[in-house]
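Listed below, chain by chain, are the residues.
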Amino acid sequence: MKRKVLVAGTLTVVLLGAAYVGSSWLAGRSVQQTLDKQNQWLSNLPYFIVKNREYHRGWFSSSEKTTLQINPQLYRFFLEKEGEPLPTFEVTYTQHIDHGPLPLLFTRGNPHPYKAVVTTEFQFAPETQKFLTRFFGEQKPINIENRISFNDDGVMTIKVPSFDYEEAISGVKAKWQGLNATLDYGGDFNRVKLLAEAPGLSGEAKGKGNFSLNGLTFTVDHVRGKTGLMIGDSTAKIDSFTLDMPGDAPFKVALQNVSYNGKLSENGELVDGSALFRLEKLTLNDQAYGPAELLAEANHLHGPTLARLGDAFNRLQKQQLTREQLTTELGKLAKSDAMPLLTHDPHLAIRHLDIKLPDSSIHLSGEVGLTGFKPEDLDQPAVFMRKLTAKADFNVPRKVIATVVTWQARNMFGNADNGVSQADLDYLAGQFVEGQLDRMADQKLIRVDGDNVSATASLQNGKFILNGVDVPLPWEQVQHAVTDATGSSAPAAKPAAKAGK
């Protein structure tokens, strides 16, 4: 009896072992296909170019080595210099894949079943690694783990460790409190949920200034819509940011509670989007501003067209195009594929921009839309304008306009080689602004009410009204000129043909 039990137990163990070995091999084959799919998704993004990829599959574990290059088209226009090669930025990483069905059981005592658990190790260039070691020491600069379920859904965790860096001689200090991020994704990448948090970063250079950034949070919750676009919500938030630069021209700025909320939704083939920016307080050189809020919207956009344009734009970014070639291709793309964006009654709006100033405020709102547009309307300006509706309303302190113009004048003419003092430049800029504002007020282009400048404008049914005054459009001015010359509202007669013709 005991012998039978022993044989049965041994046979059970052997069968379980064989089953585990077989399932591990099958999971390894399946996870390779999954990682191939993930790699294809990564290569389709406009940000990266996959330079090289090697996959080595074993029975219980596998490895993958990949080299990614940042797409040069993303920074070509900023770093490209004539006669010099464009710099390239690459990173190589190795992924260690532990096959299921229980990849964490023996290493961590975790019995949760997964198809695979993937850990990623980055290899940096020697100079880059030496630089990172100064901050992170023996810690890995980034840790990534990807737990893949049997249905190919997965959860990826990304961690960047904290560091506290200081140079005794130079007085440079930097403190980074780390970053933690969790990416929950669908196996087909039609569902993405991201939460990233960075508690803080601060730095100081002795005698030159200091900065701090606290409470950075970023979230994304998107799903693939029927139109092919990723729709849903995204948010970003910063609790506070400060920058203090002493010196001959000291500069000090502090931000409190900066946030962004974006939303994209579908209604059939049409897409509506909104973006809300908020700032609780801005302190600039000890002068307080805020709160401030901006709400922008885009409604009735044709979703399938946006999806096609996005895919086409990604393909263009993968090509090695010059600035002129990219501009040409974008023009062709707009003419060939973008027209449905105009034929579905699109509407764009800045619902409001409100900024509280120390002794006044700024208000701006505006919107523009098309109704019943047809492609042939582009050849008929009068017909096009009748289908276009627009509104605008703003109220801005004169002082703000003068300050903006003064800053521009300083940037353009404030070079010491020009021999113009800053005081003289500021005076000339101020006089210019006052003269232009008075002239525009005389022409009814703006309203001046004490220290504020305002205006309202609307366009509807081909009628443009500015500050309550009906302003003729160009073709109306031509018609009026014909009426004045002929004494009749009828169109001018064609000139008589010459004799003999």
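Going by what an unreviewed UniProt entry lists, the protein is known as DUF945 domain-containing protein and is assigned to Silvimonas amylolytica.

1. Some details on helix 5 (residues 303–318)
End to end, helix 5 covers 23 Å across 16 residues, agreeing with the expected 22 Å (1.5 Å per residue, within 8%). For helix 5, every residue scored as buried is listed here: Gly-303, Pro-304, Thr-305, Ala-307, Leu-309, Ala-312, Leu-316 and Gln-317. Looking at the packing, one finds that the buried side of helix 5 touches strand 14 (270–284), strand 16 (292–302) and helix 6 (323–337).

2. Overview of a nonpolar patch on the surface
On the surface, Tyr-47, Ile-70, Leu-74, Phe-78, Leu-79 and Phe-89 cluster together to form a nonpolar patch covering roughly 590 Å² of accessible area. Looking at the secondary structure, you find Leu-74 in the loop between strand 2 (61–70) and helix 2 (76–79).

3. Focus on the nonpolar core
Within the largest apolar cluster, 13 residues are counted, with the highest numbers of intra-cluster contacts made by Val-31, Leu-35, Tyr-55, Ile-97, Ile-148, Leu-183 and Tyr-185. Where this core is concerned, the elements lending two or more residues are helix 1 (2–44), strand 4 (116–123), strand 5 (143–148) and strand 9 (179–185). Contacts of Leu-35, omitting those with residues within four sequence positions, involve Arg-53, Tyr-55, Glu-64, Gln-95, Ile-97 and Ile-148. With nine residues, the next largest nonpolar core counts Leu-132, Phe-135, Phe-163 and Trp-176 among its residues.

4. Brief notes about the packing of aromatic side chains
For the structure shown, the criterion picks out eleven aromatic pairs. Between Tyr-47 and Phe-48 the ring centres are 6.2 Å apart and the planes differ by 75°, which places this aromatic pair in the edge-to-face class. Accessibility expressed as a relative area gives 22% for Phe-48, which makes it partly exposed. Centre to centre, the rings of Phe-135 and Tyr-165 are 4.5 Å apart; their planes meet at 40°, and the pair counts as tilted. Linking Phe-135 in helix 4 (residues 126–136) with Tyr-165 in strand 7 (residues 163–166), this pair joins segments that are 30 residues apart in sequence. Like Tyr-165, Phe-135 is buried. Aromatic ring contacts, followed pair by pair, group Phe-131, Phe-135, Phe-136, Phe-163 and Tyr-165 into a single cluster.

5. Some details on the confidence of the model for the protein
Residues of the protein with pLDDT of at least 70 account for 89%, and the chain-wide mean is 86. Per-residue pLDDT stays below 50 along residues 489–501; that stretch engages in five contacts with residues further than four places along the chain or on separate chains.

6. Describing the packing of helix 5 against helix 6
Where helix 5 meets helix 6, the axes come as close as 11 Å, and the angle between the chain directions of the two elements is 160°. One way to sum up the angle between helix 5 and helix 6 is to call them roughly antiparallel. As for how helix 5 packs across helix 6, the hand of that crossing is right-handed. Residues Thr-305, Leu-309, Ala-312, Phe-313 and Leu-316 of helix 5 form the contact with helix 6, whose own contacting residues are Leu-326, Glu-329, Leu-330, Leu-333 and Asp-337. Looking at the contact of helix 5 with helix 6, its residues break down into seven nonpolar, one polar and two charged.

Procedures and definitions
- Residues numbered from 1 in each chain as written.
- Predicted model: local features only at pLDDT ≥ 70, side-chain atom pairs only at ≥ 80, totals over all residues.
- Heavy atoms only, no water.
- Helix = DSSP H or I, 4+ residues; strand = E, 2+ residues; numbered from the N terminus.
- Expected span 1.5 Å × (residues − 1).
- Buried < 20%, exposed > 50% of the residue type's maximum accessible area, 1.4 Å probe, protein only.
- Contact = heavy atoms within 4.5 Å.
- Patch = residues over 30% accessible without salt bridge, like charges linked within 9 Å, V, L, I, M, F, W, Y side chains within 5 Å.
- Areas by Shrake-Rupley, 256 points an atom, 1.4 Å probe, with all protein chains shown as cover.
- Salt bridge = Lys/Arg side-chain N within 4 Å of Asp/Glu carboxyl O.
- Core = buried A, V, L, I, M, F, W, Y, C linked by side-chain atoms within 4.5 Å.
- Phe/Tyr/Trp six-rings, centres within 6.5 Å; stacked < 30°, edge-to-face > 60°.
- pLDDT = per-residue confidence, 0-100.
- Axes fitted to C-alpha atoms, helices over the stretch in contact; angles between N-to-C directions.
- Parallel < 35°, antiparallel > 145°, perpendicular 65-115°, else oblique.
- Left-handed = near helix turned anticlockwise from the far one by under 90°.
- Nonpolar A, V, L, I, M, F, W, Y, C, P; charged D, E, K, R; others polar.

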